[in-house]
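Notes for the structure review
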Amino acid sequence: MKNNRLVYIAGLILAAILLKFGLVNFLAEKYSLAIRLTSMMIILGIGAGVVLSGCAKIIEETTDVLSKRTKLAGGMLQSLGTAFPDMALGLVAAIISLQLRQVDYAKAVEFAIMAAATTFGSNIYNIAHAAWCVFRQNLACKKNQAILMFPGFKSGGMVKPIKDHLRKPNLIELDTVTDILSALTLMTAAVAISMVLFGKVIPPAGMSGDLYQLIKPVGVIILMICLGIMFYFRKTKRAIATEAEEEEEKKYYSQQTNGVIFLHLLISGGVILLAAESMVHAVQIGSEITGLPVVAAGVLAGIIGCLGEMLVVHNYSVHPNGRIADALIGVGMDNIVTTMGAAIVAIIGGVFLGGNALIMIFVIILSLNTMLIWQISRLKNWV
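Small disclaimer: the values here were computed from a predicted structure and weren't measured.

This part takes up the packing of helix H5 (residues 105-143) against helix H9 (residues 258-290). The N-to-C vectors of H5 and H9 enclose an angle of 115°; their axes lie 11 Å apart at closest approach. Considering the relative orientation of H5 and H9, their crossing is right-handed. Together, Lys 107, Glu 110, Phe 111 and Met 114 of H5 and Val 280, Val 283, Gln 284 and Glu 288 of H9 make up the contact between the two elements. Per-class residue counts for the contact of H5 with H9 are four nonpolar, one polar and three charged.

Let us look at empty space enclosed by the protein. Applying the stated rule across the entire model yields two cavities of 30 Å³ or more. Estimated volume of the largest cavity: approximately 40 Å³. Lining of the largest cavity is provided by Leu 89, Ala 93, Met 114, Thr 118, Met 279, Val 280, Val 283 and Ala 301. Among the secondary structure elements, those contributing two or more residues to the lining of the largest cavity are helix H4 (84-100), H5 and H9. Sort the elements by how many residues they give to the lining of the largest cavity and H9 lands first, with three residues. Residue classes in the lining of the largest cavity are distributed as seven nonpolar, one polar and no charged.

Take the nonpolar core next. Residues Phe 120, Met 195, Leu 328, Leu 353 and Leu 372 are the most contacted members of the largest nonpolar core, which totals 105 residues. The element that contributes the greatest number of residues to this core is H5, accounting for 17 residues. With residues near it in sequence (within four places) discarded, Leu 372 still touches Ile 127, Ala 130, Ala 131, Val 134, Leu 181, Leu 328 and Val 331. Of all hydrophobic cores here, the second largest spans five residues; its members include Cys 133, Ala 140, Met 149 and Val 159.

It is the contact of helix H6 (residues 171-198) with helix H13 (residues 355-379), at a shortest axis distance of 10 Å, that shows an interaxial angle of 165°. Taken together, the axis directions place H6 and H13 in an arrangement best described as roughly antiparallel. Relative to H13, the crossing made by H6 is left-handed. Across the contact of H6 with H13, the residue classes break down as 17 nonpolar, five polar and no charged.

Here we come to a nonpolar patch on the surface. On the surface, a nonpolar cluster with roughly 370 Å² of combined accessible area is contributed by Trp 132, Phe 135, Phe 150 and Phe 153. The class of Phe 150 is partly exposed, set by a relative accessible area of 31%.

Bringing the environment of Ala 276 into the picture now. One can find Ala 276 in helix H9. On the basis of relative accessibility, which here comes to 2%, the residue Ala 276 falls in the buried class. Along the backbone, Ala 276 and Ala 48 are 228 residues apart, and their C-alpha atoms lie at a distance of 9.4 Å. For Ala 276, the contacting residues outside a window of four places in its chain are Ala 88, Leu 89 and Val 92.

Each value, and the rule that gives it
- Residues numbered from 1 in each chain as written.
- Predicted model: local features only at pLDDT ≥ 70, side-chain atom pairs only at ≥ 80, totals over all residues.
- Heavy atoms only, no water.
- Axes fitted to C-alpha atoms, helices over the stretch in contact; angles between N-to-C directions.
- Helix = DSSP H or I, 4+ residues; strand = E, 2+ residues; numbered from the N terminus.
- Left-handed = near helix turned anticlockwise from the far one by under 90°.
- Contact = heavy atoms within 4.5 Å.
- Nonpolar A, V, L, I, M, F, W, Y, C, P; charged D, E, K, R; others polar.
- 1 Å grid on protein atoms, 1.4 Å probe; cavity = no way out; pocket = protein on both sides within 12 Å on 5 of 7 lines; lining within 4 Å.
- Points joined across faces, edges and corners; volume = space filled by probe spheres on them.
- Core = buried A, V, L, I, M, F, W, Y, C linked by side-chain atoms within 4.5 Å.
- Buried < 20%, exposed > 50% of the residue type's maximum accessible area, 1.4 Å probe, protein only.
- Parallel < 35°, antiparallel > 145°, perpendicular 65-115°, else oblique.
- Patch = residues over 30% accessible without salt bridge, like charges linked within 9 Å, V, L, I, M, F, W, Y side chains within 5 Å.
- Areas by Shrake-Rupley, 256 points an atom, 1.4 Å probe, with all protein chains shown as cover.
- Salt bridge = Lys/Arg side-chain N within 4 Å of Asp/Glu carboxyl O.

Below, the structure written as structure tokens:
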């Protein structure tokens, strides 16, 4: 088991190195359009399907063990790991933006827009997916039978009624999810309002429409609020372990020291950063080639960053081992962490969004937060 895990991690490292120092070179203008498009698709495919999803699996397993040992909330630890790709994509785009600021201001703003669209766009996907998972869970409970997660697609797995779960989520956990999502809603609204009130800037030549920035002082305030929320909800609310959960003690990381676990988490973070830089360049090049607006490309790239969290919620929904509430806490915390990432991006380089994009992204996030809170309130009827 140990050798298999080391080989698996080594494979992720090699894949990330291949992206960073190999395939990304074929995005250069000297190559043909076909080669550049093929390289872009391969980079995004390997990055999301192999590197990010593989690191998410390691993060999922390690944070579960750390939660039990430290008594910190599994959802918070999970979010620190699964939100890291979101933050990495946004931070990398912001750093590239800073590097271009004195050379090509228009392109620098494009990367800053991509940083914001990727960071906030990822919140759209994992909140929407979580709302869908809970909706299907409620439907399974209402029908009192197992149903497909995605109608017509058996590969998506089955969702069982809560009564057939190995352990039910407790009401305290679900209240915690609602509290975190409510805080996220207020903070998201505050970010949007502050950008409109204090962040209007003159767009660079060739860029039409209004342009708004998340200014540094507001970024500092948002960062402090995010840290406060994470500290407040740091303690686990999970019930005592059941026999089914004790079976997990046989897993690889349950038999490792905290030092080994943290080392693997550190390696996963480094691998994600390598892959993220390559993927940001691929998205930006793809936007240039296809003529897709940068903000649209950034929002689409958001699914890359939140893939890990989506996989965790999905797995805990179709494999009912009693951690669905933990996963939902992770979703809320994930978006708190990505908002914290946006605040850091604002502090080091700025978050820019056009008027229409700003309205659409934040309205969608707020609407989906409301939908998820609604579905969680229904879920309480079955626990």
